[in-house]
Amino acid sequence: MFINNFYMKRFNCFLLCLFLSLSCFCQENNSYKISLKKDGSVIISRRSDQNKSIRIIPKFLLLKRSDDPAPFYRNADKKDGTNYSLAYWKTIKRDTITPNYFETALPVYITALSASLKGNKIEWVFKDNSGFSAHMVLPTGDDDPVISYTYVPKEKGFHSIGFVGMPEVPVEEISALWQPWIWQEKRFPPAAYLSPNDMSPLPATLVEKGGVTYGLVADPKEIPYRFPSLQQKNLKSGVAVRSEKGLTRPTIFAPVLGMKSSFAEDNPSMSFSFRLMLFDGALPQAHRYIAERIYGFKDYRKNVFTNLNQTIENITDYGMNDGLSGWNAELRGYDYTADVARTVKIVSALHPLSVALITDNESIYRLRGLPMTEFNLSRERFLFTIHKDVNGQQASSKMSGPGVEVAELGALQSFYRYKPSIFSAFADSTQHLTRRLNLLKMSPGDSWPNLLGLFKMTGDSQYLRECIIKADQYVSHRIDTPQRDFSDNDPVLETHFWTDYAPLWIELLDLYETTKNKRYLNASVEGAKRYTQYIWFQPKIPLDSIAVKAGPGYEMSSVPAWWVSEIGLTPEAANTFHANHAIFIAPFAAHFLRLAYYANDPYFRAIGRSAIIGRYSNFPNYAMFNTYRIDHSRPDFPINAALPHFFYYNHIWPLAASLYDYLISDVFVQSNAQITFPNEFVPGYAYMKSKVYGHKPGRFYTDDAVYLWMPKQLLHINSTQVNYITGYGNNNFYGALLNQSDDTIHVEVDINPTLVLSVNKNYPVRLWMQNQLQPATNLTNGKLALTIYPKGITAFSVAGLTVPPVFQKKYFAGDQNTKADFKIIPTEVGNITSTTLSFGKNLNSVYTWLEASIDQIKGATYYYRYADSDKWESITDKSFPFEFSIPLDRGTNNLEFKLEIEKNEGSEIIKTGTYILSKATKN
């Protein structure tokens, strides 16, 4: 025992001496402890748990070459079914290109020989002739260590310096990684790609292992407040997560080869600073830490030119302008020349149907909602052409619909409010099919989101049981299990939207709202965290104003920098981020609001607000291009011919509907779920997923049977910072006002006397402030004085003030419809499908379309007569597509019809039998 104790003491003494010989300096702040070793390496640990540590080596990599590597973006050469762009460089062989950054130039490794302490700075010592210096500083407080380096080139040409001293770990040993855009969870890049600033929503790269997340982050001061652009050669840095050896290792490079800052003759000295982070927690939380703590993200926006209500009204007016909005009445769709010439495209008829109901506007139904419903029913896909030689983006010229998801058919039936119907028949016939509705995206009819839609449509619990089985499998596979590749997506599709790469967190949220099962809420939260990794959080927004372009006809303007910031928006997709830097259509925002409420997480709310508030006052151009500017924010933007336009006209109604979704969701959240309205989920396609409203009454605090009613210019409020919703029911008029600013505001609300005719009297008013009932007040001559707290809600109910709905009166007069006829008539040139479309009293029509193509027939004549008439009327259509829409509101319930079809070959005429269709009837 004595001998053992003797040797044990000697051994412990040896370990202590060894440690002292290796460690020459320790430094701490509130979060970190840093130990400097004699060889210049550094042990960085969490102060709260020093077992959570990493060792870094003061090692840098210099890439240099004499000629311009001419970087550019192009789609990657891939075999995994994905579609993303990468930065490529010319190799030094000159005749080849590579996306592997380590192959772009001759490598020179530079490792410190030793280190010394100067004040609070660890200064590394390099060879005298290296031209290189570097140091590390641990700031006081909670901040992360900062490494700074300077390099003085001794040769002409292009130079790039990378920090390669982080731990190298096999991907099998880690829990998660992140490199923008698409390498997250355990999806490891197949080569050492570099993500420059313009493909880095945060200029960082991370690895999670052993309960901590470590990585490198460009210091915010290194990222100027300007549009990053590889093409303009103004990028400051780039990140990578794959090392030269094929291991995981966070790496950061600055400058980037081929950028102006990398050219030695223009830059006699090259310096850069970055943060080294060791976060105690999982990678998504580390990502959030970088966004909030390092790059200062917060709830930063407020209304600018108009409130959100006026913005929606301006967008709606624009969408109803046939000449300016790209509407093609004959083809029932919007011009899609922005991407594919000689095509039209829409997203969903539910968008204008919802806006028509909310705004009590029959014209929107008749001129947009109805023809777009007909489009969704008859066209094979979202993108339609009458030219068989046009096939860009998989455009279809087939009249073999429906061209929407099964769940959307269920939502359409809910809005048309009758069953059985053609919507339910089509849903039944397509639920077992897998179709391509947009681009190459596969749409299985029996996916769990579609099964959820079938349950909502039918109330059949069997659909919900099947949905839950598949959803549970999805959560286990897609949320609980880190993805190693992209095999969860269809291996042959061109995946490129962020909704393709991220989990279906929006659909999971919808499932939670339907079932109230917390498993799906938790899954939605985890999926949303991953989605945030595609949202811009850099550059850090300066506090002062900046000069921006205001557009032709306007002077340069000086505006607060936050007005034009992309923070909170996403690029379009993994293969177009360099062209569409930050897109304005952001349906995800409303979902983030609701998720923030359910999860009690203000971070999600800040993201949702950042995507919408103060962004535009009318239909904006598609995305931010090349530079900061405010012309797209102006109310006259889409109608001012002098301003630059790049429009996807098919986005007008999805944008308007998603803004209503945002507005109504915001009221839901701010009222603590006490003001709520039924909705339907519209899957649309790509990222355009939103809820639509107006078809059913909701609740306003203690009052049920409250109908949304928001006709144009209903309220005038003397503050741009107030967004609102209004409604009626129970012989009351309701309003909820939301303050978008950080100040308490006192406003006067004027109710438009041309819309509410009896407003000029005194009425008693119930008042709620921050959801607390206040002493009663009065509406006097249509005016109401209110106070709204910062980012707060004030709501009111005016007793006895009734409103005169017009379109809604017709819509709800048909409630509930029990029958809607349709016929499918087979012929030798394909099916003829005919259906009644009944949207309410005196809102009935019969829509008939032929599958036949222009190669099969010359034309068709549609003969019809109403039940109260013996006279046959006719319409002849000699141009493809062959379709007919006949009103059915002439005091009769039935329409009798038959067709004669002229074949292309010879003069043969196909005659159908005679059929009768009946409009929907009331219970």
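Residues numbered from 1 in each chain as written. Predicted model: local features only at pLDDT ≥ 70, side-chain atom pairs only at ≥ 80, totals over all residues. Heavy atoms only, no water.

**Here's the deal with the overall build of the chain**
When you go through the chain residue by residue, the secondary structure sums to 16 helices and 55 strands. Computed over C-alpha atoms, the radius of gyration of the chain comes to 31 Å, within 12% of the 29 Å expected from 2.2 N^0.38 for 923 residues, which places it in the range of a compact globule. Along the three orthogonal principal directions, the C-alpha set of the chain runs to about 115 × 80 × 75 Å. Taking the intrachain contacts of the chain between residues at least 6 apart in sequence as the baseline, contacts between residues at least 24 apart amount to 68%. The centroid of the 96 positive side-chain charges in the chain is displaced by 4 Å from the centroid of its 89 negative side-chain charges. (Helix = DSSP H or I, 4+ residues; strand = E, 2+ residues; numbered from the N terminus. Rg over C-alpha atoms; globule rule 2.2 N^0.38 Å. Contact = heavy atoms within 4.5 Å. Lys, Arg positive; Asp, Glu negative; His and termini not counted. Charge placed at Lys NZ, Arg CZ, Asp CG, Glu CD.)

**As for the pairing of strand S12 (residues 132-137)**
Pairing of strand S11 (residues 121-125) with S12, which is carried by four bridges, proceeds in the antiparallel orientation. In the strand pairing of S12, Lys-121 is matched with Val-137. Linkage of S11 to S12, two consecutive antiparallel strands, is achieved through a turn of six residues, within which Gly-131 is found at a positive phi near 70 degrees. Both S12 and strand S13 (residues 146-151) contribute to a ladder of six bridges, which runs antiparallel. From the neighbouring strand, Met-136 faces S13, where its bridge partner is Ile-147. (Pairing = 2+ DSSP bridges.)

**With respect to helix H12 (residues 518-531)**
Each full turn of the α-helix corresponds to 3.6 residues, which orients residues three or four apart in the same direction. Helix length check: H12 (14 residues) gives 20 Å between terminal C-alpha atoms against 20 Å at 1.5 Å per residue, within 8%. Most of H12 sits inside the fold, with ten of its 14 residues counted as buried. Among all positions of H12, only Tyr-520, Leu-521, Ala-523, Ser-524, Val-525, Gly-527, Ala-528, Lys-529, Arg-530 and Tyr-531 are buried. (Expected span 1.5 Å × (residues − 1). Buried < 20%, exposed > 50% of the residue type's maximum accessible area, 1.4 Å probe, protein only.)

**Topic: the environment of Ala-87**
Its location among the elements puts Ala-87 in strand S7 (residues 85-90). Setting aside residues up to four positions removed in sequence, Ala-87 forms contacts with Phe-72, Tyr-73, Thr-98, Pro-99, Leu-194 and Pro-196.

**Structural notes on the sheet that holds strand S48 (residues 844-850)**
Taken in spatial order, the four strands make up an open sheet running S46-S47-S48-S51, and their pairing is antiparallel. Each edge of the open sheet carries a strand with a single partner, namely strand S46 (822-825) and strand S51 (883-887). Neighbour to neighbour, the strand axes of the sheet diverge by 15 degrees on average, direction disregarded. The strands touched by helix H5 (residues 362-378) within the sheet are strand S47 (832-838), S48 and S51, with S47 carrying the most contacts at an inclination of about 145 degrees. (Axes fitted to C-alpha atoms, helices over the stretch in contact; angles between N-to-C directions.)

**Observations regarding the environment of Val-798**
Following the sequence through the fold, Val-798 ends up in strand S44 (residues 793-799). In sequence terms Val-798 and Pro-764 are 34 residues apart; their C-alpha atoms lie 6.0 Å from each other. Sequence-distant contacts of Val-798, that is, excluding residues within four places in its chain, are made with Asn-731, Asn-732, Phe-733, Tyr-763, Pro-764, Val-765 and Leu-779.

**Quick look at the pattern of salt bridges**
Using the criterion set out here, one finds 50 salt bridges in the structure. A salt bridge links Arg-293 to Asp-143, with the shortest nitrogen-to-oxygen separation between them at 3.9 Å. Residue Arg-293 is located in helix H2 (residues 283-294), and its partner Asp-143 is located in the loop between S12 and S13; the two are separated by 150 residues in the primary sequence. Glu-374 is paired through a salt bridge with Arg-332; the nearest N and O atoms lie 2.7 Å apart. Within this pair, whereas Glu-374 is found in helix H5, its partner Arg-332 is found in the loop between strand S22 (327-328) and strand S23 (333-335), the two being separated by 42 residues in sequence. For the residue pair Glu-374 and Arg-332, the accessibility class agrees, reading buried in each case. Each of Lys-456, Asp-510, Glu-513, Arg-594, Asp-661 and Lys-691 takes part in a single network of salt bridges with overlapping partners. (Salt bridge = Lys/Arg side-chain N within 4 Å of Asp/Glu carboxyl O.)

**What to know about unusual backbone geometry**
Cis rather than trans, the peptide bond between Ala-254 and Pro-255 has omega equal to -5 degrees. A cis amide bond links Gln-538 with the next residue in sequence, Pro-539, at an omega value of 5 degrees. Although it is not a glycine, Arg-342 adopts a positive phi angle of roughly 65 degrees. Structurally, the position occupied by Arg-342 is in the loop between S23 and strand S24 (344-345). Overall, Arg-342 belongs to the partly exposed group, its relative accessible area being 43%.

**Overview of the sheet that holds strand S25 (residues 383-384)**
Read across the open sheet, the four strands follow the order S22-S23-S24-S25; overall the sheet is antiparallel. Among the strands making up the open sheet, the edge pair consists of S22 and S25. Sheet analysis places S24 next to S25, joined by two bridges and oriented antiparallel. Following the sheet pairing, Lys-345 is matched in S25 by Leu-383.

**Structural notes on the packing of helix H11 (residues 505-515) against H12**
Where H11 meets H12, the closest approach of the two axes is 8 Å, and the angle between their N-to-C directions is 160 degrees. The orientation of H11 with respect to H12, classified from their angle, is roughly antiparallel. Between H11 and H12 lies a crossing of left-handed hand. Contact with H11, carried on its side by Trp-505, Leu-508, Leu-509, Leu-511, Tyr-512 and Thr-515, involves Lys-518, Tyr-520, Leu-521, Ala-523, Ser-524, Gly-527, Ala-528 and Tyr-531 of H12 and no other residues of that element. (Parallel < 35°, antiparallel > 145°, perpendicular 65-115°, else oblique. Left-handed = near helix turned anticlockwise from the far one by under 90°.)

**Brief notes about the packing of aromatic side chains**
Enumeration over the complete set of coordinates arrives at 80 aromatic pairs. Note on Phe-158 and Phe-263: the rings are 4.8 Å apart at their centroids and 35 degrees apart in plane angle, and the pair reads as tilted. With a gap of 105 residues between them, Phe-158 in strand S14 (residues 158-163) and Phe-263 in the loop between strand S20 (248-253) and strand S21 (270-279) connect regions that are remote in the sequence. Aromatic pair Trp-505 and Phe-592: ring centres 4.5 Å apart, planes at 35 degrees, arrangement tilted. Highlighted residues: Trp-505 in helix H11 and Phe-592 in helix H13 (residues 588-599), separated in sequence by 87 residues. We classify Phe-592 as buried; its relative accessible area is 0%. Positioned above the aromatic ring of Tyr-32 is the side chain of Arg-46, whose terminal nitrogen or guanidinium carbon lies 5.0 Å from the ring centre. (Phe/Tyr/Trp six-rings, centres within 6.5 Å; stacked < 30°, edge-to-face > 60°. Lys NZ or Arg CZ within 6 Å of the ring centre and 35° of its normal.)

**Quick look at the packing of H12 against H13**
Taken N-terminus to C-terminus, the directions of H12 and H13 make an angle of 130 degrees; their axes are 11 Å apart at the nearest point. When the axes of H12 and H13 are compared, the pair comes out oblique. Handedness of the crossing formed by H12 with H13: left-handed. Of the residues in H13, those in contact with Leu-521, Ser-524, Val-525, Ala-528 and Tyr-531 of H12 are Phe-588, Phe-592, Leu-595, Tyr-598 and Ala-599.

**Re H5**
The first and last C-alpha atoms of H5 sit 23 Å apart over 17 residues, in line with the 24 Å expected at 1.5 Å per residue. The sharpest bend along H5 reaches about 30 degrees and sits at Gly-369, with the proline Pro-371 one to four residues further on. A large share of H5 lies buried, amounting to 14 of its 17 residues. With a side-chain oxygen lying 3.0 Å from the backbone nitrogen of Ser-363, the N-terminal cap of H5 falls on Asn-361. (Bend = angle between axes of the 7 residues up to and from the residue. Polar contact = N/O pair within 3.5 Å; in protein donor to acceptor, adjacent residues only side chain to side chain.)

**Details of the environment of Phe-637**
Relative to the helices and strands, Phe-637 resides in the loop between strand S31 (623-624) and helix H15 (652-670). A relative accessible area of 0% means that Phe-637 is categorised as buried. A sequence separation of 16 residues divides Phe-637 from Asn-621, and the C-alpha atoms of the two residues are 8.4 Å apart.

**Quick look at the confidence of the model for the chain**
With 94% of its residues at a pLDDT of 70 or more, the chain shows a mean pLDDT of 92. Within the model, the stretch residues 6-23 combines pLDDT values under 50 with seven contacts to residues more than four positions away or in other chains. (pLDDT = per-residue confidence, 0-100.)

**Let's talk about the pairing of S47**
Counting buried positions along S47 yields seven of seven residues, so the element is predominantly enclosed. Here S47 shows no split at all, with Ile-832, Ser-834, Thr-836 and Ser-838 on one side and Thr-833, Thr-835 and Leu-837 on the other all buried. Pairing of S46 with S47, which is carried by four bridges, proceeds in the antiparallel orientation. What sits directly across from Ile-824, in S47, is Thr-833.

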